[in-house]
Amino acid sequence: MNFQSLRRAFFADPATATGTIIVFCFLGMALFGPLIAPYSPTTQNADLIRQPPSFAHPLGTDRLGRDLLSRIVYGARDILSLAGGGTVLAVILGTLIGVSVTYLGGWLEELVFRLFDGLLALPALLLALLLLGAVGPSRTGVLLVIVLVYTPIVARVVRSVVLSLKPRGFIEAARMRGERLGYILWRELLPLVAPTLAVEAALRFSYAIFLVASLGFLGVGVQPPSPDWGLMVLEARNEFALAPWSLYVPATAIALLVVGINLMAEGVRRAIRGEMAGY
Amino acid sequence: MTVPVLAVNNLTVAYRVGRQMLPVVREISLTVTAGDVLGVVGESGSGKSTLGLAVLRALPAGGHISSGQVFIDGTDVTHLPTSALRPLWARSLRLVPQNPLAALNPTLRIGEQLIEAIGGDRTTATQQALALLTRVQIADPVRVMRSYPHELSGGMQQRVMIAMALHGEPRLLVLDEPTTSLDVTTEAAVVDLLAELIAERQPATLFISHNLGLVARIATRTAVLYAGELVELAPTESLFQQPRHPYTQGLLRSLPRPGLRYNHHPLQPIDGVLPAPGALPKGCIFAPRCALADDRCRNERPPLLAVNDKQWTRCHYWQQVTGDSPASSPSTATTALNGEVLLTTTQLTKTIPQRRSLTDLIRRKPPSVVQALTSVDLKLRRNRTLGIVGESGSGKTTLARCVIGLTEPSSGSIDLIDVPLAPTIQHRSREQLRRLQMVLQNPQEALNPALTVGEALIRPLIRLGGLDRQRAVQHVPELLQLVKLPISYAERRPAQLSGGEKQRVAIARALAAAPDLLLLDEAVSALDVSVQAAILNLLADVKTDTGIAYLFITHDLAVVSYLADDVAVMYRGQIVEEGPATAVLQPPLHPYTEALLTATSAHGLRLREVEEGAAPPQHGCPFQPRCPRALGDICVTTPPPWREAGNGHRLRCHIPLEELQTIQQPEAITP
C-alpha cells in the first residue's frame, strides 16, 4: 500500500474525509496549542467566572474564570499523546507477542493467551481503577493502563491472522529452506498482518481516547489543574445548572474526536479491503 | 421432429464486475433431447458451470442473461419470473452440484431433506425417499435417512444428491462436476450409477466436467467450450477420434493416457494462456494460441461451421485439423536403472493419537491412534521418478511430510545417501535441506502474497545456495526461464499470476538451490490439463538435464504412468504393491491397483464401499473389507505376504500370482 492510494482512500468518500479533517484539526491543536489558544489554560480570573460564550471567550469560561477554548486546545495535547502513545505501545507489544507466540505455538501460546483471556475477562475500567489505585494517579499510570488493557486485544487479533497463515504453503516452504525464525516472523508474516493491524490500531486509538477521558472523569487520571477533557467534564458536572456550556464543551470535544477517528478508521478499513482483494 | 427438452439459442451470460458487465458465456446455441447426454468440457474459466446454471435459470447474484433464449420443452423460460420458475424447478429441472456437503443442509437429517424435496403427503414421500435411496444403491436406506450429511462418506453424499435429483420425472438434469470431489474408485461407482439412471429415466442431461476421460465414458455428444464460446460440438466418439478444432486437439494431446511416456510420445501442451473475459482477441478467440492461425483468424471471427450434419466447429481451417496422432520424438535419454540410492526409508511409521474424551481420560483408557503410515520401506535412486499412488487418506502426503521433515515420524528411519536424517527440519543441516525440497499441492497458497516472485526465488539461493543477495538476483532470470516464464515476472506479485504460473514459480523456487530430490505432493492435480501437460514436460526436461530424482505423489494413475519410472501403491498407510512402472501398471496385479487403474473404464473392477470412518481391520489384510476378490477367512485372519513378481516388482496379496494374472479383465485396462 503506497502513500497515494492511502491519501485517495482518506479523501475519496465524504464521511472518511470529514473524519480525517476532524482528526487533523485536533492534531493541529495539540501541536500548535500555544499559537492557537488565546489565554493560558490555567490562569484564573475571579471577575470572569462562568461567562457564557462571547467574543472574548468563544467557548465561555468555567467556575474559576479559566478560558474553556484554551483549556480544550491544551487538553488535546494530553489526550492525544496519552491515547496515541498508549495505543502505539500496545500495538507494538501486542504484535510482537501475537506474531511470535502464535507462530511458535505449543504450551507457551496456551499459557500466554489464557493469561490474556483472564485479563480480557475483567472490564477495562475496573482493571484501570485497580492499577491506578495501586500506583497512584499519574500520566505514566494512564499510559500503563492503556498498554495493559489493549495489548491482549491486539495480540488476539494478530493471532487470528497468524493462525490462518501458519499452515499455508509459503510458510512451510520457508521452513523447508531453513529460514531463521526472524525472517519468517517479520518478512513473511508481518506484511500480511499489517493491514489488519492498521484497522485495529485505528479502532484501539478511538477506544483509548474514551478510556483516558473516562479515567479523567473518575478523577484517577491526569490531575488538576491540568486541562484534561474528562476532568473538565467532572468539574463541570456540579455546575450544570449555572454554566451548562462548561459541560457541553469538553463532552463535545471528546465525542467529536472519537467520531472523527472512527470515520477515519472505516476509511482505512475499506481501502485495505480493496488492497487485500488480490490476496 | 420431436421438440428437444433443452434448446439454447444464442445465449450470452454476463457477470457484473464493478460497473462493468463481463460476458462469460457468449452466443452459445445447442439442443439436448430426452435421453441424450451432452458432455460440456472446458478448462477453468471456460464458462461451463455458468452455462449449466443459466439453463436452469439458477445463476448466482450478479449473473444475468444478456441476450438469447433458453427453451425448456419448447417453452421460453429466459425471462420467466421466479414465481413461474418455482414449479418448473420442483417438477422437472434438477442440478447435481460439485460439492454435495455444501449443498446439503448440515442441520437436517437426510430423510427430512429428501422428503422436503419430494413434497406432497409425508407418508408417501417417506416411502418414495426410501425407494430412491435403494435405487441409488445405498445399502441401508433406513439408517441413511436418519443420518446427518456429515456422517456419510463423500460418495454416499453424492448418491443422496443424485437421489434428490431423480425423484418424480426429471426432464433436464445438469451434472456440474458431480464426481470431482471424490476418489477415483468412488467416482467410478458413482458414474456407473449415473449412466444407468440416465438410461432408465431418460432425462436430457448436461454433463459438465473438466475430465475428458469421464465425458468420453458417459456423454453421447460433447460440447467444447473455450473462453465462454462453443468451439466444437460433435458426437463424443467423433470428437475424440477426429477433433475439428485446434483447441480440442490441443486438449486431447495434453491428456496423459496409456501409451504416452515422458521419454517417448511426450504430451503436447497448448501454448499461451486463456484470454481475460474483458480483453478478448478481435478475430478467433483461440488465434493467439493456435498453430494454424493466420491473418484471417486474427481479424475475422469464425462462425460455427458444419463439418457434417452432426459435428460443428468454430474454425476457419478445420480441414487442416488432423486427427489425434501424438508426435513421436523418442528421447535418447535413458534412465539409469542402477543409479546411486538417494533416499531410503526403513520401517517408517506414523501414528496420530486421537483426542480422548473426558470419560476416557478418567477411565485411563489409552488414546486410540490412527495408523497414518505402517512400516513403509522405500528406495529411490538418482534420476528416477517414484510415483506414489493411492486414494485420499492412504498416507501419501504423510509419507512426503515425514521425508521432508515437516511431520515427525513415530518410528523408523530416513536415510539420505546413507546418512540418517534427523526427524524434523530444525535438526537437519543446511546441506540436507538443500538436497531435499518439496512442492506442495495448492498453488494458491504456495507463494507469499506480500512478496514478489523475484524475492520468492532469491531466498532459497541465499539460504541454501550460499549466494549473496546480488549474485542471487542475477540468477532469477535463469530460474524463470527454466520454468518457461517471462523474465519480467520477477517484478510481479502472486495475485497477478494464474494458478499454473504460481505452481511454476513454486517449482522454480524448489529447484533454485539444485536439490537432489524433489518431492511433489499432488503438484499438478489442481491444474487444468493443458497447464498440467506443460508442467509434466517441464519436470521431465529438468530430470533429463540435471539427473534429479522425484518422489511424485498423486491420485491420478494416468499422470503416474506418464511420468514415473517406479510406482508404489499405498492403501491405508501401507505399500501394497511396488516396482517398475511398466510392471506394476501393465497389467495391474493387486486388486487395489487394478481397481484404481480401471476406475476410468466402464468395465473396470469396482471396490466395495465401506462406511465413513470405519475402523481398519485389526488382523489380516487391511484392504480386505473393500476387496472384490477377497478369498475369505485367510484374508481376514492373516496379513498377506509379500509376493515377488520378479524385476523388483512385488505385492502383498493372498491370491497367488498366477491367478492374479489370469483374472485380469484386459479389455478394461486400455480404455
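Here the structure is a predicted model, which is why all the values come from computation and not from measurement.

1. Examining helix α8 (residues 169–176) of chain A
Residues and elements named next belong to chain A.
Line of reasoning, step 1. Burial runs high along α8: seven of the eight residues are buried.
Line of reasoning, step 2. Within the span of α8, buried status applies to Gly169, Phe170, Ile171, Glu172, Ala173, Ala174 and Met176.
Line of reasoning, step 3. Of the residues trailing α8, Gly178 is marked for its positive phi of about 65°.

2. With respect to helix α8 (residues 184–201) of chain B
Residue and element names in this part refer to chain B.
Line of reasoning, step 1. Over its 18 residues, α8 runs 25 Å from end to end, which matches the ideal 26 Å to within 8%, given 1.5 Å per residue.
Line of reasoning, step 2. Burial in α8 covers these residues: Val184, Thr185, Thr186, Glu187, Ala188, Ala189, Val190, Val191, Leu193, Leu194, Leu197 and Ile198.
Line of reasoning, step 3. Residue Gln202 follows α8 closely and has a positive phi angle near 55°.

3. With respect to the pattern of salt bridges
Line of reasoning, step 1. For the structure shown, the criterion picks out 43 salt bridges over all chains.
Line of reasoning, step 2. With a shortest N-O distance of 2.8 Å, Arg401(B) and Glu172(A) are connected by a salt bridge. Here the residue Arg401(B) occupies a position in helix α14 (residues 396–404), and Glu172(A) occupies one in helix α8, the pair thus bridging two chains.
Line of reasoning, step 3. Of the residues examined, Glu172(A) reaches a relative accessible area of 9% and is grouped as buried.
Line of reasoning, step 4. Residue Arg314(B) is joined to Glu229(B) by a salt bridge in which the shortest nitrogen-to-oxygen separation is 3.7 Å. Placement of Arg314(B) in the loop between β12 (312–313) and β13 (341–353) and of Glu229(B) in strand β10 (residues 229–235) is noted, with a sequence separation of 85 residues between them. Exposure class is identical for Arg314(B) and Glu229(B). Each is buried.
Line of reasoning, step 5. Connected through shared salt-bridge partners, Glu340(B), Arg382(B), Glu431(B), Arg434(B), Arg435(B) and Asp516(B) make up one network.

4. Points about the sheet that holds strand β17 (residues 419–420) of chain B
Adjacent strands of a sheet pair through backbone hydrogen bonds, lying either parallel or antiparallel.
Residues and elements named next belong to chain B.
Line of reasoning, step 1. Spatially, the four strands line up as an open sheet ordered β14-β13-β16-β17, and their pairing is antiparallel. The sheet terminates laterally at β14 (369–381) and β17, the two strands that pair on one side only.
Line of reasoning, step 2. As paired elements, strand β16 (residues 411–416) and β17 share two bridges and run antiparallel to each other. Looking at β17, one finds that Asp415 is bridged to Pro420.

Rules used in this analysis
- Residues numbered from 1 in each chain as written.
- Chains lettered and ligands numbered in written order.
- Predicted model: local features only at pLDDT ≥ 70, side-chain atom pairs only at ≥ 80, totals over all residues.
- Heavy atoms only, no water.
- Buried < 20%, exposed > 50% of the residue type's maximum accessible area, 1.4 Å probe, protein only.
- Helix = DSSP H or I, 4+ residues; strand = E, 2+ residues; numbered from the N terminus.
- Expected span 1.5 Å × (residues − 1).
- Salt bridge = Lys/Arg side-chain N within 4 Å of Asp/Glu carboxyl O.
- Pairing = 2+ DSSP bridges.

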